[in-house]
Structures are given as structure tokens and as C-alpha cells.
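Residue-level structure breakdown
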Amino acid sequence: MAKPDRSAKSTAAPASLEPGERDLLLECFRNMLRIRKVEEQLSKLFADGEIPGFIHLSIGQESVPVGVSRHLRTTDTVAVTHRGHGQALAKGIPLQTFFAEMMGKDTGICRGRAGSMHIADASIGMLGANGIVGGGISLATGSALALKLKGHGDVAVVYFGDGALAEGIFHECINLAALWSLPCLFVCENNGWGEFSKTERQFCGQLSQLAAAFGVDYRHANGLDVLDVTHTAEKLVASIRDTSKPAVLECNVERFHGHFEGDPQKYRNPDELAALAAKDPVLHARERLARAGVSSAELGAIETAIDTEIEHAVDFGRRAASPTFETARAAVYAS
Amino acid sequence: MEIRFGQAIGKALGDAMRADERVLLFGEDIGEAGGPFGVTRGLLKEFGGARVRDFPISEAALVGTALGAALSGYKPVAEIMFMDFCTLAMDALVNQAAKTHFMFGGQNQVPLVVRTPHGGGLNAGPQHSQCLEAWFAHVPGLIVVCPSTPADAYGLLRTAIDTPNPVIFVENKTLYAKKGEIAENPEPIPLGQARLVRAGTDVTVVTYGAAVFQAEIAAAEAAAEGVELEVIDLRSLQPWDETSVLNSLTKTHRLVVFHEAVEAFGVGAEIAARMADVGFDELDAPIVRVGAPFMPIPYSPALEKDYLPNAEQLLQAVRRVLL
């Protein structure tokens, strides 16, 4: 049985870039670096006790939401995972209310009731992050049905990890999407881990073959190369808008951190962890840009601007008031 | 005019779809087949397959996609063919639909109705007969409704469809063919308000669903013995009409809670506990519950007949609280 071509990561990218590609890569790099730096800040705030609960970082996986979201409109909907900070940020969640939410504050985008695992911004089409593995798949499928009925050419996107492939809901929903030609993009961030266990110990199928079994268009992109992700996603999203037929995008990525922050990852081989730097999509993009003549001053300016933005957002979160129990207690039902 | 319970539900669905084009029907065999109990018959022809959608046998996806559509501007009414099959959709109901409004800080409304038949009486056995409404009444964020008459079914379903919260709408399957009066132009009925079925002075009987009719039989028999039962049909289980029950208890000072669902940890337990608290000073007798025994509902008619709570058991409970 064919396994995903994880060796694709080692393919050397060409040194030169067309001017248009250079600008595209620079923009993608900026967006990936922003996610990276936000999550590094979250990691620090968690370690310092400023963020409670469970947080799951997507460090190493930033290329996927950045490459996909470039092709999405505000009216396109997305369901994101528990490892979904990057997916939410790439869709456009505002950074200040994002940080305030992580800190459990009243000015958080979900008024401190959601936190990392359940964050949502309905105004940008988010169907929510989901604490349940595979929990967003049916929401996006139903949203795709709604978007098709509305007829504006919008698409629904659902992100999930390889861990969700063994959940029944994926199989129910890809059937529905194919059966009814729903404008839904199923995006699998395959990081090779389902929580604390290797994927090959959990799942013996192939997403490509599953898609084929339902007659759904399937494309693979190399998660190390954000340009590969964005070009592949561009074709799929355009095709979905045009035909209203679903598609599957699978990207191989690496999960740099543990399942959640604080997970010492004793189940991972130290050699594997040491080799991760060579599989970093942010570093990969930075090196390509440098080779293509982007100056370190320009790259440094991008980094500084992001640092400043994050600093302001963290400050906003820190200054915000905590929510009151009475307000939350009265908000169980919509009126 | 007189109309069957199932027809009243079909009429509510049709009227709601005519009134609001955002109302969609999702379910298994609801279109071509008209639903396993004929409730949705004719709706596919009038509204078409885009609004009356026949699903494959995928209950988890059925409720999950209904929620996704609700979050994207529609008002889906999903039918789960038997309440027992809700078990397959529990993530969508409990983790997703019930939490969405609260969890996302009030950004979303969730205009979602899940209709589902419960109850025994058809010898359908352990996996097609359960009354699981107490599970859902236990989940903050869900509304649970269980009508007993065609008029209530119509009025409550119209309200449920226009409610911005997820509603579990429970229909006792033995009631579908039962006839009742309904107004020419029936009005929506507010959720959370009980219906006084029969006024009485001696014992309050709180009930809902098909058990209401057993309570009426018991009340007629009790009256023949000179005991007047006040029968209250809750209609809504979450929220339930605590005020009406307490007011009745204040008059009768005796309370029996009667339902078809398993008695242990059931809806009756909540009502009894609440009345033992806020109504303590009114009570002249222990509160007694009558529900199904703690066992799976059996198939054989010989067994099911003894399983289902009946008017005679209710009368025995009434005699106990009158001692």
C-alpha cells in the first residue's frame, strides 16, 4: 500500500524565483512568521501561567492555513481544529481579541468562554475551533450545503489532522459532499501524529484512496513549501467555486511541539526531534527569499513589525478585565 | 377542526416553510418516502429536494450538517427516525449545538430543531422504543419539548422552528395517528408553559407526552371514587413550568410525577427534587414518581405491556399519597 510521499520534503527548491513568485513567497512568509511568533508567544505565556488550560500549537504546520486562506473570501466559511491558531489567524481573526480570549478575558472574541480550543470569529466565517477531533467536519459540510443553496460561489473549508481520518464522521461527510456536490474543501494537515501515537499505528488507509473511492478530487502538497501549498490550494478552491464539487487537499507537515504545551514528548525519538529544523516551512521560505535576494534588513523589518503587533495584542489582553460569572451564566441561551 | 398528531406536525413544517424560506428539512426517508410515520408526506412535492433533503443513514452527519447550515443562515429541522438513533449524533447535539451560542460568546444563534419519535407500544424492542429526553434536559444549551396533542404539537413546533436555540422536539410514536382539535388558524405556543389538562383539588399529577392520556384515564377513575386529580401536561421539559406545578401543589398539597421514560434519574426526579425544595411547606405527603422500570424495553407484547407505565400504576401512586 502506498504511503504518503514524505520524502517530497527533501526536494531542493530552485534558487531563483520569478518576481511574482518572490512577492508571493514574501507575503506567505510574513503570514507564516506571524503565526509562528504568535504561537511562540502563546507558548511563553502558557509557561508563565498567563494562559491556562490546554493549548495545542501548530508550529511547523503554518504553511497549510497560509497557503489555503490566500484564496478565501470573508464569506467563505472555515471550521478549524484544536490545533487551529494558525487556521484562525490566516482567515483573519483579530490579534487583540484573540490574545484576550486566550487569556480568558471579557474582551476576548468569545468573552473568555472558549479559549484556545473553541475560539471563533463568526464575522470572518469561522464555524469555530473544535475540541473534538473531527468535530468541525460535519459543520463545514453543512455550511457548504448552505453556501450552495445561497448560490454566491462561496466555499466551506474544514481543516483536520490525520488523527481525524479514523473518526466515522469524516467518512459520513465526504460521502455527503460527493453525493450532493457540495462546495467543500477538506484540508488534512498530516503531521504523522494522532495525539501521542504515530499515525501508522492508528490508521492503515490512504486519504488519496479514500477520496478516490468517493470520486473526490485529491491533491497532495508539500507542507515544507508554502508555494506548493498555495498553488495547489488555488487550483482546488477555484475548481470548487466553479463546479461546486468537493476536493481534498493533504499536506505533509511536522508537529514541532508536543500534543499540547507541557507535553515532554518522551514518545518521540530524539533524532527525529533534532532533525525538525530541516523541515521548517518558515525557515525554508526565509532561506529561499534570502537566496532570491531579499535583504536581511527587509526580512528583519517584517519581523519587527510582527513583534510590535504581538506586543500590543498581549498588552491589550493583559489590560482587559476578567469576565463576570453572572454575565456568562445568563448567556446559555440566545434570546 | 380535527386533525391527527402526525398531520399537525406535517402542517407545522409546511406552514413554517411557507412562512420562511430559510426553513429546511433534513432526514432519512423524509422526502420520497414521506417519513417512516408519514409526517413529512407531500412536503418534497411542494418544496423540492433542495429544501426537503433525504439523507443517507448517517445520523452524526445529519445533525452536524444541520448545525453547520444553521450557522450559515438557515433554519434546519432535522428528523432522527427513532430517538434511540440520537446516540449516533450525540457529539453534534451535546458538544456542538448545545455549546455554540455560549461558547462563542453569543456571536451565533442556533435555530436548529431535531425532531424525533420516542416511546414504546409498537413492540419495536430495546433499540426503537426508548424515551431518552432526560439526557437532553440535562445539557445546558438545549431546549426539550414533548407535546401530547395535535394542537400543542403544531403550536410548539412553530415556536421551536423560530427559536434561536437548539430544540429537541420529542414525539411519542403512538400518538401519530391520534386525533385532536386544532384551530382553523392555529397560533404558536410559547415554550416552557405547561397546559392544565384537568383541574382538580386532591392530587397534582405532572406528566407529558403519551402518558398524559393514561393520566386522563386515571383521573376519570379517581373521580368515580371521589378523588379529583389535577393533571398538568408539561409540554416543555427544558425549560419546564415550575410555577404552574408549584401553584397546583399549593392547592392540592400532593404530587405524583408520571412518565413513560425510565423512572430512575428521569425527568420526574428533577421535578420531585425541585418541589421537595421550593414546595416543601406545601407537601402533605411524599412526592411519588411513576415511570418505567429500570430495564431495557422488551420486545414481546407480553413483556412490553407490563413494562409501560399505565393508569392503574398511577392510581396506586395516587392512593399512596392520599393515605
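Scroll up for the structure.
Now for a description of the structure that goes with this document. Computed from a prediction, not measured in an experiment: that's the story for all the values here.

1. Some details on the nonpolar core
The nonpolar side chains of soluble globular proteins are, as a tendency, buried together. Counting 86 residues, the largest nonpolar core has Ile137, Phe160, Phe170 and Phe186 of chain A together with Phe26, Leu93 and Ile168 of chain B as the members making the most contacts within it. A total of 8 residues in this core trace back to one element, the largest contributor, which is helix 3 (residues 59–70) of chain B. When neighbours within four sequence positions are excluded, Ile137 of chain A is seen to be in contact with Val158, Phe160, Ala164, Ile169, Phe170, Cys173 and Phe186 of chain A. Of all hydrophobic cores here, the second largest spans 69 residues; its members include Ile35, Ile55, Ala221 and Cys251 of chain A.

2. Re the environment of Asp280 of chain A
All names here are of chain A. Inspection of the secondary structure assignment puts Asp280 in the loop between helix 9 (270–274) and helix 10 (281–291). When its relative accessible area of 9% is taken as the criterion, Asp280 is described as buried. In this structure, the C-alpha to C-alpha distance between Asp280 and Ile59, residues 221 residues apart in sequence, is 8.7 Å. In contact with Asp280, not counting residues within four places along its chain, are Arg36, Leu224 and Phe256. In terms of polar contacts, Asp280 uses its side chain to reach the side chain of Arg36, at 2.9 Å.

3. Here we look at the side chain of Glu260 of chain B
Residue and element names in this part refer to chain B. Mapped onto the elements of the fold, Glu260 is located in strand 13 (residues 255–262). Among buried charged residues, Glu260 stands out as having no salt bridge; its nearest opposite-charge side chain is Lys173, 6.9 Å away. Side chain to side chain, Glu260 and Asn172 meet in a polar contact 3.1 Å long. Dropping the residues within four chain positions of it, Glu260 is found in contact with Gly119, Gly120, Cys131, Asn172, Ala210, Ala211, Ala292, Leu308 and Pro309.

4. Regarding the state of the cysteines
The tally for this structure, following the rule as stated, stands at 0 disulfides over all chains. Left unpaired, Cys173 of chain A is separated from the closest cysteine sulfur, that of Cys184 of chain A, by 8.1 Å.

5. Digging into the pairing of strand 14 (residues 288–292) of chain B
Residue and element names in this part refer to chain B. Among the 5 residues of strand 14, 4 are classified as buried, and the element is accordingly described as predominantly covered. For strand 13 and strand 14, the ladder comprises 4 bridges, and the chain directions are parallel. Within strand 14, the position partnered with Val256 by the bridge is Val288. The parallel pair strand 13 and strand 14 is bridged by helix 9 (residues 267–278), and the resulting crossover is right-handed.

6. Some remarks on helix 4 (residues 90–103) of chain B
Of all bends in helix 4 of chain B, the biggest is about 25 degrees, found at Gln96 of chain B. All of the buried residues in helix 4 of chain B are Ala92, Leu93, Val94, Gln96, Ala97, Ala98, Thr100, His101 and Met103 of chain B. Here the buried face of helix 4 of chain B lies against helix 5 (135–150) of chain A together with helix 3, strand 5 (113–118), helix 5 (133–137) and strand 7 (167–172) of chain B.

7. Points about the pattern of salt bridges
All names here are of chain A. The full count for this structure, using the stated rule, is 38 salt bridges over all chains. Here Arg111 ties to Asp106 by a salt bridge, and the two come within 3.1 Å at their closest N and O atoms. Among the residues examined, Arg111 registers a relative accessible area of 31% and is labelled partly exposed. A relative accessible area of 26% places Asp106 in the partly exposed class.

Procedures and definitions
- Residues numbered from 1 in each chain as written.
- Chains lettered and ligands numbered in written order.
- Predicted model: local features only at pLDDT ≥ 70, side-chain atom pairs only at ≥ 80, totals over all residues.
- Heavy atoms only, no water.
- Core = buried A, V, L, I, M, F, W, Y, C linked by side-chain atoms within 4.5 Å.
- Buried < 20%, exposed > 50% of the residue type's maximum accessible area, 1.4 Å probe, protein only.
- Helix = DSSP H or I, 4+ residues; strand = E, 2+ residues; numbered from the N terminus.
- Contact = heavy atoms within 4.5 Å.
- Polar contact = N/O pair within 3.5 Å; in protein donor to acceptor, adjacent residues only side chain to side chain.
- Lys, Arg positive; Asp, Glu negative; His and termini not counted.
- Salt bridge = Lys/Arg side-chain N within 4 Å of Asp/Glu carboxyl O.
- Disulfide = S-S within 2.5 Å.
- Pairing = 2+ DSSP bridges.
- Right-handed = clockwise from strand over helix to strand, strands pointing away.
- Bend = angle between axes of the 7 residues up to and from the residue.

So far we have only geometry, and geometry alone does not tell us how the molecule works.
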